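# Understanding the architecture of this molecule
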Amino acid sequence: MLILGIETSCDETSVALVEDGRRILANVVASQVQLHARFGGVVPEIAARSHMQRLIPMIDDVLNTHGLVFDDIDALAVTLGPGLVGALLIGVETAKALAFARRKPLIPVHHIAGHLYSPFLYGNDSAYRLIVLETEDPQTEPLSRPRESVPTAMPRPAAGAPETVAPDLPLHFPYIGLVVSGGHTSLIRVHSPTQLEPIGETVDDAAGEAFDKVAKLLDLGYPGGPRVEICACGGNPAAFPLPRPMMHGGGYDFSFSGLKTASMKLIKDLGGADKVRSDEKLLADVCASFQEAVVEVLMKKAGTALKHSGTRELAVVGGVACNGRLRSAVADYLPGVRAVFPPPSLCTDNAAMIAGLAYHLRDHYPGCDLAMNASAGLPLSLLPA
Ligand code: KG4
Ligand code: ZN
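All of the points below concern the structure found in this document. (Residues numbered from 1 in each chain as written. Chains lettered and ligands numbered in written order. Predicted model: local features only at pLDDT ≥ 70, side-chain atom pairs only at ≥ 80, totals over all residues. Heavy atoms only, no water.)

Along the chain, the position of R338 falls in strand β12 (residues 338-340). Accessibility expressed as a relative area gives 40% for R338, which makes it partly exposed. With sequence-adjacent residues up to four places away left out, R338 is seen in contact with P170, L171, R312, E313 and L314. Of the polar contacts made by the side chain of R338, one reaches the backbone oxygen of P170; its length is 2.3 Å. (Helix = DSSP H or I, 4+ residues; strand = E, 2+ residues; numbered from the N terminus. Buried < 20%, exposed > 50% of the residue type's maximum accessible area, 1.4 Å probe, protein only. Contact = heavy atoms within 4.5 Å. Polar contact = N/O pair within 3.5 Å; in protein donor to acceptor, adjacent residues only side chain to side chain.)

Here you go:
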């Protein structure tokens, strides 16, 4: 079964083709990061306009590249929410129009449930394409990330296996999902792709938001997460004792706003952002200390959830899962835990996770419901069990 997925919840326009819920034939992502960079954050109107300009040509391109016509697609899938409502609307209304005109089922997908499903996808390298949309503004710096963070490769099937044979499932149900993105930080017990039991979430800022805000305090540019990671390289994570909010209390919930405030105070006490930035070692120490505080809280909370749930399997998903220190921290904080991190191309927003999960929802959505509407605050419980 071939599903065409559409994702437009924030600042990435993405179109994907996924076969039988796991094999990625195409996963094309048009990143708007440079369009928003000079504003220091996502501008919802610019995001929606760019989705509108890009989406239909990207769908055409994906089908043409694979020598397919619309009738070769069995169903469409689209992110219904949560996200920026204007951005979501472009995806949802486009998907509705196409599904109605072509008489295809339309499967709505929850964005976070999609992230949680991302470890199950596989495909070969050529399936992934990243298009960085250029701004007209010559003053905007190009995004630079460490090479290993550049999302260029899809997960490969086991060496020697024919590409059409799905690799073994990377996780056993139930496992713990840690969602760490720009808008969400949650712990979820995953009983099946469609049975998700949220057990904790942030009470204020998301982990990615904290990275972005500290990057802004230090004037490191946008998006902040990758830039803080780059600057933290070689720094001493114990240089400054930043707080670990709610690490030993608050159940499975998180809080990152106090850490942001403490970082702000630290930067001020050190003489301000310009002073810190002018001293490479000092900048590395501040970034590494902040990064370690976030990582330790995430790992310790995940550890408690694993222990109380009787599982040793963890999936870490969402944009912050690209972070190299978070990836290596499992061995330090959670010895004996088997943690699965999708490749960076599947950590950040993409339509493959939407098309993949839709396969497991197909029986609930045999038609195209024209009353379907984008929902900025879509709760996870809306997912049919
Ligand atoms: O999942 P995502 O692409 O979009 C949302 O659904 O929010 O996550 C984006 C977030 C941003 O806050 C970005 O700064 C953060 O992920 N991020 C990182 C890294 N790469 C992306 N945070 C820390 N280290 C990274 N390498
Ligand atoms: Zn996301």
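Now that the structure has been shown, we can carry on.
In the vicinity of ligand 1 there are 20 residues, among which G182, D212, E229, G319 and N323 approach most closely. Separating an oxygen atom of ligand 1 from a backbone N or O atom of G208 is a distance of 3.2 Å. Measuring from an oxygen atom of ligand 1, one finds a backbone N or O atom of G319 at 3.0 Å. Of all the elements in the fold, those that place two or more residues in the shell around ligand 1 are α4 (111-117), α5 (207-217) and α6 (224-232). Split into classes, the residues belonging to the shell around ligand 1 amount to five nonpolar, 11 polar and four charged. (Near = heavy atom within 4 Å. Nonpolar A, V, L, I, M, F, W, Y, C, P; charged D, E, K, R; others polar.)

What follows deals with the coordination of the zinc ion (ligand 2). The textbook angles at a metal center are 109.5 degrees for a tetrahedron of four donors and 90 or 180 degrees for an octahedron of six. On the protein side, the zinc ion (ligand 2) has H111 (NE2), H115 (NE2) and D349 (OD) as donor atoms, found 2.1 Å from it. Taken together, the four donor atoms coordinating the zinc ion (ligand 2) and their angles of 93 to 148° define a geometry best described as irregular. All donors of the zinc ion (ligand 2) come from a single chain, and their spacing in sequence reads H-x3-H-x233-D. Here H111 and its partner H115 are both found in helix α4, four residues apart, which amounts to about one turn of the helix. When its relative accessible area of 6% is taken as the criterion, H111 is described as buried. What makes H115 buried here is its relative accessible area of 0%. (Donors = N, O, S within 2.8 Å, 3.2 Å for Na, K, Ca; no water. Tetrahedral: all angles 85-135°; square planar, octahedral: opposite > 155°, others 65-115°.)

The linkage connecting F173 with the following residue, P174, adopts the cis geometry, with an omega of -10°. One can find P174 in the loop between β7 (128-132) and β8 (175-180). For the bond from Y222 to P223, the omega torsion is -5°, close enough to zero to count as cis. In this structure, P223 sits in the loop between α5 and α6. One non-glycine residue, D219, lies in the positive phi region at around 60°. Mapped onto the secondary structure, D219 falls in the loop between α5 and α6.

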